[in-house]
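Per-entry structural report
Here is what each chain is made of, one letter per residue.
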Number of protein chains: 2
Amino acid sequence: MTQKMPTLQDVAQLAGVSTATVSRTLSSPDQVSESTRKRVSQAVEKSGYRINRVARNLRTQKAHSVLVLLPDLANPFFSSILEGISGNLSQRGYSMLIASTKQVHASGDRLIDYLDDARADGMIILDGGLSPEVVDTLDNVPRSKPILFACEWIEGANFPSVRSENRKATRTAIRYLHGLGHEKIAHVTGPTGNVLMHARKDAFVGEMAKLELELRPEWLIPGDFSLNAGCRAAATWIDMKDRPTAVFCASDLLAFGFISELSRNGFKVPQDVSVMGFDDIDFASQFIPPLTSMRQDRHRIGVTAATMLLERLAATASIDGDAHDNENAAIVPVTLIERESTAAPPKGS
Amino acid sequence: MTQKMPTLQDVAQLAGVSTATVSRTLSSPDQVSESTRKRVSQAVEKSGYRINRVARNLRTQKAHSVLVLLPDLANPFFSSILEGISGNLSQRGYSMLIASTKQVHASGDRLIDYLDDARADGMIILDGGLSPEVVDTLDNVPRSKPILFACEWIEGANFPSVRSENRKATRTAIRYLHGLGHEKIAHVTGPTGNVLMHARKDAFVGEMAKLELELRPEWLIPGDFSLNAGCRAAATWIDMKDRPTAVFCASDLLAFGFISELSRNGFKVPQDVSVMGFDDIDFASQFIPPLTSMRQDRHRIGVTAATMLLERLAATASIDGDAHDNENAAIVPVTLIERESTAAPPKGS
DNA sequence: CTGAAAGCGCTTACAG
DNA sequence: CTGAAAGCGCTTACAG
C-alpha cells in the first residue's frame, strides 16, 4: 500500500534521458534544449514526480529552513511576527521550524543543535533572555549559519537584529501625556534584566528629566509584561497618597491588568487616571476603554527579520567571506495610537 | 572560516573503528561492546560531533518532523495548541514545521508537497475550512504519512481527529444560563460552514428545545469568531424590541466584541444582559467584566494531537499494514468557568 | 546540450 | 561484536 514516490531515476527513464538532465531541467532549465525540456516536463507530469528535498538538501548542504526561537510559544504577542517571518520565508522556498527556549532547555538539547545537525540554515531568536552560557555557544556558530535577533537582543553581543524604536516611542508617549496636561507620570516597567525594559525605562527617565517633570522613585513601578503584574501595579498606585495622574505601561498586558484592577476597586479610566500601553496588540482596540498604545509593527518586524536573514544566507553562500555586518540593526518605527484610556488629568490634582 | 562539521568518518578515524560501529554506538549502543562504546564516546566528545540529521533522514526515509497547518498564524487562539504539539514532539526527537493555509495558497504550493517531498512525516491540520479540492488531494496521501485534524475537522471525510466536546459544552452552557433564571437566550454563531459553528449551533437549538424554551429565529445571530462580528451582533441585540436576557457566544472574541459595543452604548453586563463565551482564552479572566466561558483545554488538544500522530507514525512503521483507525477521534473535555459576565436576568424582563 | 560518475553523511543487511 | 559495502535521491564538476 505504501506507494513509493517516483524518483529522478523514474522520470529519467520515462523521458529517456539521464538523471543529470532531469535535474537540470528542474533547477536550471536554460541549460537544457527546448525539446528535451519538453520531454522531461511531460515525464515529470506523468509520473507525478516531486523532488525529494531531503536528498537535495544533503547534496547541496543546505536545509532550506530557518529556525525561529521564541521564549514562549503560548504568548500571542509573537503570532503576527511569526506570520511575517513565515510568509516571507515560504515565498522564497524556505520552511519555518519553531522551538521555544523553554522546551529546548527541557529536552536537554542545545540551541545550536538545530544548526549543527543541518536541520536549519540559520536562526531568528525572539528571546533576549538567553543565559550567558547559551550566548557563548552562539559565538561558535560558523558565520555561514547566520543568527539574527528580532524584537529583543543581547546587550553587548554583536548579532544583527531587528528592533522597534523603543526609546523614541517612549519619548513620544511621555510627550503625548505631557501634552494632555499630565505632570505626575508613573511608569510600570517590564521584567528586570530585559533589554526592552531597560530601553523603555531609560528613555522614560530621560524624557521626564528633559521635560523637567518630577519623578519620584516610587513612580517607577516594577513589573513584567504580564496581566498579573499590571494588577499588582494598580494596587501599588491605589496605595499611594499622592497618585500620579497618568501611567505609562511597558506593555499592553500590563495596562489591561492595571485597568482591570482599578475598575474592580471603583476607579475609572481615564477619569481618575490616564493609562497607556505599549505594543498595540489586537485586543487594545476592543478593551474597555479602548487602550491608547504605542503600536509595534509586528508583522513588519517578522518580514524584515526573514529578509535580513535570507540576505545573509545568500551573502555567505556567494562571497563566502566577509559579507560583514554593514547594516547591523534594522529599526522598525512605532506609532502612537490614541484611544480612550487617556485624557486630560482630573481637575484639582 | 566556514569550519566543517566533523562527520561519522572523522569520529571513526579518531576512535580507530568503522563508521558502522560509530553509528551503532549512537543509535543502538547495546550492540556494541563496552570498551568500544567508551572509545567511540570519547571520540565523539573530542571531535564535537553532531549527527547530521539530513543525512540520517535521507537514509532512513523519515523526516523526523511534523507539519502543522493553521488557517492563520496571527490568531492567538492557536498558540497554546502549538505549544502542546511542539513540546510533545521535541521530547520525542521530532521538529515542528509550521505553515498557514493562507500562505500555502499564496505561494502556489500544494499542501501535500510537504509530505511528498519528504520534509514531513505527517501533518496536523487545524483548519476545517479546506476547499474540497484540497481535501481530495489529501485522500491520495499514502497511509504511511498520517494526517490528523485537531480542533476542527472535515465533515464526511474520515481522518482521525482531536476535538473538544463542543456539543456537550454547549448544552452545559445553556443549562447554566437557564439555571440562573434565563429563558430568553440568544446565540451568536461562528462563521457559516464552519464545523464548530454547526456543532455548537445544533447543540444550542437542541438544548433549547429540550428545556422547552422559546427560540425565535432572530435569536440565532449570525457571526464568525471575531471581535468585529461580536460588535455587530451587539448592534443587532440593541435593535431588538424584546431582547434576550442572555447571550451565548460561540467564541470569547465574539463575547468581547459584544460586551464592548454594548458598553459603548450605555448597557451594562451582566446587569442588562448576561454574556458568555467559548474557549476561555487568556484574556477572558482579565476582561471587564471577567468573562464566563467554556474552557477548551488547548494545551491538551495539542499534546493529544501530537501523541496520536506519533502513534500512527510508529504503527505504520512497524506493522506497515492496517494499523487501522480503531480510535478515530479523541474528545477533549470542556469545562465551565463561571465569572462575572453572567448573572440572574434583570427583574421584570 | 548531454551523460557517466562521484559524493553529500548517514544506516543496515550481510558476512565473518 | 565488528567491518566492508551498498544505497537513500539528489547535484554538479568534468568530459565530450
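Here goes a summary of the coordinates provided. (Residues numbered from 1 in each chain as written. Chains lettered and ligands numbered in written order. Predicted model: local features only at pLDDT ≥ 70, side-chain atom pairs only at ≥ 80, totals over all residues. Heavy atoms only, no water.)

Here we come to the protein's contact with DNA strand D. Contacts to DNA strand D come from 26 residues, most closely from Ser-23 and Arg-59 of chain A together with Thr-21, Arg-24 and Thr-36 of chain B. If you look at DNA strand D and keep only atoms within 4 Å of the protein, 64% of those are sugar or phosphate atoms. Here a phosphate oxygen of DNA strand D and a side-chain polar atom of Arg-56 of chain A are 2.8 Å apart. Side-chain polar atom of Arg-59 of chain B to a base nitrogen of DNA strand D: 3.1 Å apart, as the coordinates give it. Looking at the surface near DNA strand D residue by residue, the classes come out as nine nonpolar, ten polar and seven charged. (Near = heavy atom within 4 Å. Polar contact = N/O pair within 3.5 Å; in protein donor to acceptor, adjacent residues only side chain to side chain. Nonpolar A, V, L, I, M, F, W, Y, C, P; charged D, E, K, R; others polar.)

Looking now at the interface of chain A and chain B. At the interface, 59 residues of chain A touch 58 residues of chain B. Between chain A and chain B lies a buried interface of about 5200 Å² when both sides are counted; carbon and sulfur atoms form 57% of it. Broken down residue by residue, the surface that chain A buries against chain B is led by Phe-283, Gln-286 and Ile-288 of chain A, which jointly contribute 13%. Counting across the chain A and chain B interface gives zero salt bridges. Seen at the junction of chain A and chain B, the total is six residue pairs in polar contact (both at pLDDT 80 or more). (Contact = heavy atoms within 4.5 Å. Buried area = accessible area lost by both parts, 1.4 Å probe. Salt bridge = Lys/Arg side-chain N within 4 Å of Asp/Glu carboxyl O.)

Attention now goes to the protein's contact with DNA strand C. The environment of DNA strand C is formed by 26 residues, the closest being Thr-21, Arg-24 and Thr-36 of chain A together with Ser-23 and Arg-59 of chain B. The share of sugar and phosphate among atoms of DNA strand C within 4 Å of the protein is 64%. In the model, a phosphate oxygen of DNA strand C is placed 2.8 Å from a nitrogen or oxygen of the Leu-8 of chain B main chain. For DNA strand C, a phosphate oxygen lies 2.5 Å from a polar atom in the side chain of Ser-23 of chain B. Sorting the residues of the surface near DNA strand C by element identifies α2 (19-27) and α4 (53-60) of chain A together with α2 (19-27) and α4 (53-60) of chain B as the ones contributing at least two each. (Helix = DSSP H or I, 4+ residues; strand = E, 2+ residues; numbered from the N terminus.)

As a further point, take the nonpolar core. Among the nonpolar cores identified, the biggest contains 114 residues, and Ile-124 of chain A together with Ile-124 of chain B are the most heavily contacted of them. Residues within four places of Ile-124 of chain B in sequence aside, it is in contact with Val-66, Leu-67, Val-68, Leu-69, Ile-85, Leu-148, Ala-150, Ala-305, Ala-306 and Leu-309 of chain B. With 46 residues, the next largest nonpolar core counts Leu-111, Ile-112, Leu-130 and Val-134 of chain B among its residues. (Core = buried A, V, L, I, M, F, W, Y, C linked by side-chain atoms within 4.5 Å. Buried < 20%, exposed > 50% of the residue type's maximum accessible area, 1.4 Å probe, protein only.)

Moving on: the sheet that holds strand β10 (residues 292-296) of chain B. Residue and element names in this part refer to chain B. Taking strand neighbours across the sheet as the criterion, the six strands line up as β7-β6-β8-β9-β10-β12 in an open arrangement whose pairing is mixed. Bordering the open sheet on either side are β7 (220-221) and β12 (334-337), each of which pairs with just one other strand. The pairing of β10 with β12 spans four bridges and is antiparallel. Bridge pairing links Arg-295 to Thr-335 in β12. Packing against the sheet, helix α9 (residues 166-180) makes contact with β6 (185-188), β8 (246-249), β9 (274-279), β10 and β12, and its axis sits at approximately 165° to β9. Where helix α12 (residues 252-264) meets the sheet, its contacts fall on β6, β8, β9 and β10, and the angle it forms with β9 comes to roughly 150°. (Pairing = 2+ DSSP bridges. Axes fitted to C-alpha atoms, helices over the stretch in contact; angles between N-to-C directions.)

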